[in-house]
Amino acid sequence: MIRRGFSLSRFRAMLVKEFIQMFRDRLTFAMMVAIPIMQLVLFGYAINADPRALPTAVLLGDNGTYARSVVRALENSGYFQIVAWPARPADAEKLIQSGEVQFLVDIPIDFGRDVLRGERPAILIEADATDPVATGNALAAAAALGRTALMHDLDGALAPLQPGPTPFEIRVHKRYNPEGATEYNIVPGLMGTILTMTLGMMTAVAVTREFERGTMENLLATPARPLEVMLGKIVPYVFVGFVQVCVILGTGIALFDVPMEGSFWLLMLCVFVFIAANLAVGFTFSTLARSQMQAMQMSMFFFLPSMLLSGFLFPFRGMPGWAQVIGEALPLTHFLRIVRGILLKGTGWAEAWPSLWPILLFLAIVAAIALRRYRQTLD
Amino acid sequence: MTAAGPRGTARPGEAPAISVRGLAKRFGSRVVVKDFDIEVARGAIFGFLGPNGSGKTTTIRMLCGLLTPDAGEGECLGFDIRREAAEIKRRVGYMTQRFGLYEDMTVRENLEFIGRMYGVEPLQRRTTEILTQFGLAQRSDQLAGTLSGGWKQRLALAACVIHSPELLLLDEPTAGVDPNARREFWEMIHALAAGGVTVLVSTHYMDEAERCHRIAYLAGGRLLLQGTVPEVVAGSGLHTWSVEGPDLATLQQELRTRPGIDMVAAFGNALHVTGTNREALDAAIAPFREDRRYRWERVEPSLEDVFIHTLAHSEAAAAQ
């Protein structure tokens, strides 16, 4: 029963056709290559979750040595850039309300005198916390200044005014990404999100297009079998996926010096599984959607939770339990762990496997649905 | 190949190309095809006629395995239409109503793709041969989307026959194509039929029906008439007078109210007055014949008269 089985020549026919159509649609093809570069540059250069040199206004009630040391310490932290010295509290209020400054530092009158008297005067830092991400790190840095800012001024007889030594020392040690470079997280994250977005959508549209343009009826009238059509549609996009991965990795290494601690080939294997999973999702959508538009919307429906719940945009451990459960079901979550592991930690096969099998399971389930849903008739 | 069974080995010319009985198909609660029997001999050109929504396309799709019938059975080229759709597909060329090839691929690329799907060997030679046969050689590198309607239809037909099928199913192949292209298209179909290919073609054009060896008329998912054109006309039991003269519109209004006259239709500069009972018809028009301004003549009912009459009758029957 050779005729019932998979025909390599028909599969090849589908492949050739898909590649012809893909390369003829130059705009889409260029986009698939350009999107990774654009996103990488935007995320890598333009978007920074740890912004520094934030505009700050200082309401100086005391022009003494101590007050100026505190201001200098704020500036030295790198987070605060003093842009205004308002004379009256009302002016200061206006600055922060209009958004001209992110912080308002209020150093009270007689600050120096109160320090000398040991009255522990308070410096008030008002933050425009509408964007908590932007202010979080700066405030953390400011909190530490209380202990260190006056270290050099309070010496000799004034030494007892220094705050007592804390009973233990907190030493922060950031591992894998000691500088906290966001690009290091962005590159693996983008690799996953871009593959999820473009590949899912492209396959979904590629199959739905056959229905929308009326070519599917013709295709179904030929002896083509579902697996041949499905693979013929998917494989060209596997190729596209690898092109995208190479673009992202290449750009990441060239522009951001992203390390490659682990095995390149292990990474490629995991990328392959991940690409296949996303293409299967796209193909499944295409069997459900009636138009290219619907297929796109369904892809977005899958893409958004992937992006939000996978740990790419927000820390996975910070999400509530139910969101983590959803996140665990998405291939992107596991893929991110694998890529971060291989790129930054140099993990091997043993560490990658616990994240790889969930993607394989996902792929098997979705591919089964796709094959069941794909109809060989028009019923 | 065991799946085909003894029927699969039938030599061309032995069994009819198509033989189906009691075919039925519904979509939801809507019955599209009902109790449908037809038989098409090998090498025949068989015309499918009927109004829109009469079930022509659905029947064709069931014949080539694109739709599964709800009831009925039958063979297409000796293969069971329910169980051996794959075998049927290999031997049938199906031309969809809407252009079903890829507009972003060239003429040659499209033909090669279809050829590969059917495992045509040697592909290059066969493609070139087909390009020449259908006069497409000059346009082989043109994108299919840039072809005009007539050329698209030519390409679609070429793609249908690249694998040398035994049966062609053409679903309104000439819709929206100019008369010259239509004529050329029918010449190609006759040439194919002369070569032994069976052709089943659906159409709305009466002149095309006359080019078929046999025709079938469908309405409301039922087969109402079938046979050769003269058979269908003779079998209708209709009698027709043609009348020419001034102010035919007024005459038409008056004639319509007379008993014995079933149908009055305008045909160019004449009216066709049709009835089922010859005596009653003659009696009905007798007073009008005395008017010297009109010229009356007994004519053969046209195919259109027959179809419209049949359709009106079947609707009246269905309403009861």
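Throughout, a residue's number is its position along its own chain's written sequence, starting from 1. Labels are handed out in written order, letters beginning with A for the chains and numbers beginning with 1 for the ligands. Selection of residues for local features in this predicted model requires a pLDDT of at least 70, selection of side-chain atom pairs for listing and counting requires 80 or more, and totals for whole chains, interfaces and linings are taken over all residues.

It is worth spelling out the overall build of chain A at this point. Helix and strand assignments come from DSSP, with helices taken as H or I runs of at least 4 residues and strands as E runs of at least 2, each series counted from the N terminus. On a plain count of helices and strands, chain A comes out with 14 helices and 4 strands. Burial analysis of chain A (379 residues in total) assigns 37% to the buried set. In chain A, of all internal contacts separated by at least 6 residues, the share reaching a separation of at least 24 is 80%. For the exposure call, what matters is how many other C-beta atoms sit within 10 Å of a residue's own: 20 or more marks it buried, 12 or fewer exposed, and in between partly exposed, using C-beta atoms placed from the backbone. Any residue pair is listed as a contact if its two C-beta atoms, each placed from the backbone, are within 7 Å.

Right, let's get into the overall build of chain B. Counting its regular elements, chain B contains 12 helices and 14 strands. Here the C-alpha coordinates of chain B stretch approximately 75 × 45 × 35 Å along the principal axes. Burial analysis of chain B (320 residues in total) assigns 44% to the buried set. Here the contacts in chain B between residues at least 6 apart in sequence split such that 69% fall between residues at least 24 apart.

On to the nonpolar core. In this description, a nonpolar core means buried residues of the types Ala, Val, Leu, Ile, Met, Phe, Trp, Tyr and Cys, linked to one another by C-beta atoms lying within 7 Å. In terms of nonpolar packing, the biggest core is built from 145 residues, with Ala280 of chain A together with Leu169 and Val199 of chain B touching the most fellow members. Among the elements that make up this core, the one with the highest residue count is helix α7 (residues 182-212) of chain A (15 residues). Among all residues touching leucine 169 of chain B, those that are not within four sequence positions of it are Ile60, Leu63, Cys64, Val92, Tyr94 and Leu200 of chain B. In this structure, Phe80, Ala92, Val105 and Ala142 of chain A belong to the second largest nonpolar core, which totals 25 residues.

A separate point is the domain arrangement of chain B. Residues and elements named next belong to chain B. Domain delimitation follows an automatic or database domain assignment. Annotation of chain B at the domain level lists domain 1 (13-227) and domain 2 (237-319). In this complex, domain 1 contributes 10 residues to the contact, which on the side of domain 2 involves 7 residues. Residue composition of the side of domain 1 that touches domain 2, grouped by class: 8 nonpolar, 1 polar and 1 charged. Ten residues, namely Ala, Val, Leu, Ile, Met, Phe, Trp, Tyr, Cys and Pro, are considered nonpolar, four, namely Asp, Glu, Lys and Arg, are considered charged, and the remaining ones, Gly among them, are considered polar.

For a helix, the expected span equals 1.5 Å multiplied by the residue count minus one. The end-to-end C-alpha distance of helix α13 (residues 331-345) of chain A, which contains 15 residues, comes to 20 Å, matching closely the 21 Å that a straight helix rising 1.5 Å per residue would cover. Taking burial as the measure, the 15 residues of α13 of chain A include 14 buried ones, the bulk of the element.

All names here are of chain B. In spatial order, the strands read β2-β1-β4-β5; together these 4 strands make up an open sheet with antiparallel pairing. Each having just a single partner strand, β2 (30-40) and β5 (79-80) make up the two edges of the open sheet. Where strand β1 (residues 18-27) and strand β4 (residues 71-76) come together, 5 bridges link them in antiparallel fashion. Bridge assignment links arginine 21 to a residue of β4, and that residue is glutamate 73. Contacting β1, β2 and β4, helix α2 (residues 56-63) runs over the sheet at an angle of about 120° to β1. For two strands to be treated as a pair, DSSP must find at least two bridges joining them. Lines are fitted to the C-alpha atoms to define the axes, a helix being fitted only along its stretch in contact, and any angle between axes, read from their N-to-C directions, falls within 0 to 180 degrees.

Residue and element names in this part refer to chain B. Among the 6 residues that make up strand β13 (residues 270-275), 5 are buried, leaving the element largely enclosed by the rest of the structure. Taken together, the 6 bridges between strand β11 (residues 239-244) and β13 define a ladder with antiparallel strand orientation. Residue pairing across strands places histidine 239 opposite glycine 275, the latter belonging to β13. By the bridge criterion, 5 bridges tie strand β12 (residues 263-267) to β13 in an arrangement that is antiparallel. Paired with valine 264 across the two strands is valine 273, which belongs to β13. What sits between the antiparallel neighbours β12 and β13 is a turn of 2 residues, in which glycine 268 has the positive phi angle 65°.

This next bit is on the interface of chain A and chain B. In this assembly, 23 residues from chain A lie in contact with 25 residues from chain B. Residue contributions to the side of chain A that touches chain B peak at 8 residues, all from helix α1 (residues 8-24) of chain A. Within the side of chain A that touches chain B, the residues separate by chemical class into 8 nonpolar, 7 polar and 8 charged.

Residue and element names in this part refer to chain B. With mixed pairing, 6 strands are arranged side by side in an open sheet as β6-β7-β8-β3-β9-β10. In this open sheet, the two edge strands, each paired with only one partner strand, are β6 (92-95) and β10 (222-227). With strand direction ignored, the average angle separating the axes of adjacent strands in the sheet is 15°. Bridge count for strand β9 (residues 214-219) against β10 is 5 bridges, and the pairing is antiparallel. By the bridge assignment, alanine 216 is partnered in β10 with glutamine 226. Set on the sheet, α2 makes contact with β3 (45-49), β7 (167-171), β8 (198-202) and β9; between it and β7 the angle comes to about 155°. Sheet contacts for helix α7 (residues 179-194): β3, β7 and β8; angle to β8, the most-contacted strand, approximately 150°.

With that settled, the discussion passes to the packing of helix α4 (residues 107-117) of chain B against helix α6 (residues 149-161) of chain B. Residue and element names in this part refer to chain B. Their axes nearest at 9 Å, the elements α4 and α6 cross at an angle of 25°. Judged by the angle between their axes, α4 and α6 are roughly parallel. Considering the relative orientation of α4 and α6, their crossing is right-handed. Contact residues: α4 offers Val107, Asn110, Leu111 and Ile114, while α6 offers Leu155, Ala158 and Ala159. The labels follow the angle: roughly parallel below 35 degrees, roughly antiparallel above 145, roughly perpendicular from 65 to 115, and oblique for the rest. For any helix crossing, the convention is left-handed if the near helix is rotated counterclockwise from the far helix by under a right angle, and right-handed if that rotation is clockwise.

We now examine the packing of α1 of chain A against helix α9 (residues 226-256) of chain A. Residue and element names in this part refer to chain A. Interhelical geometry of α1 versus α9 gives an angle of 40° and a closest axis separation of 8 Å. When the axis of α1 is compared with that of α9, the two are oblique. By crossing handedness, the relation of α1 to α9 is classed as right-handed. Each of Arg10, Phe11, Met14, Leu15, Glu18, Phe19 and Met22 in α1 lies in contact with α9, whose residues at this interface are Glu228, Val229, Leu231, Gly232, Lys233, Val235 and Pro236. A per-class count over the contact of α1 with α9 returns 9 nonpolar, 1 polar and 4 charged.

Once that is clear, we can look at the environment of proline 320 of chain A. With respect to the secondary-structure elements, proline 320 of chain A resides in the loop between α11 (292-309) and α12 (321-329). Taking the C-alpha atoms as reference points, proline 320 of chain A and leucine 54 of chain A, 266 residues apart in sequence, are found 31 Å from one another.

A separate point is the environment of alanine 159 of chain B. Residue and element names in this part refer to chain B. Note that alanine 159 resides in helix α6. Alanine 159 sits 51 residues away from arginine 108 along the chain, and the two C-alpha atoms are 9.9 Å apart. When near neighbours in sequence (up to four residues on either side) are disregarded, alanine 159 contacts Leu101, Asn110, Leu111 and Ile114.

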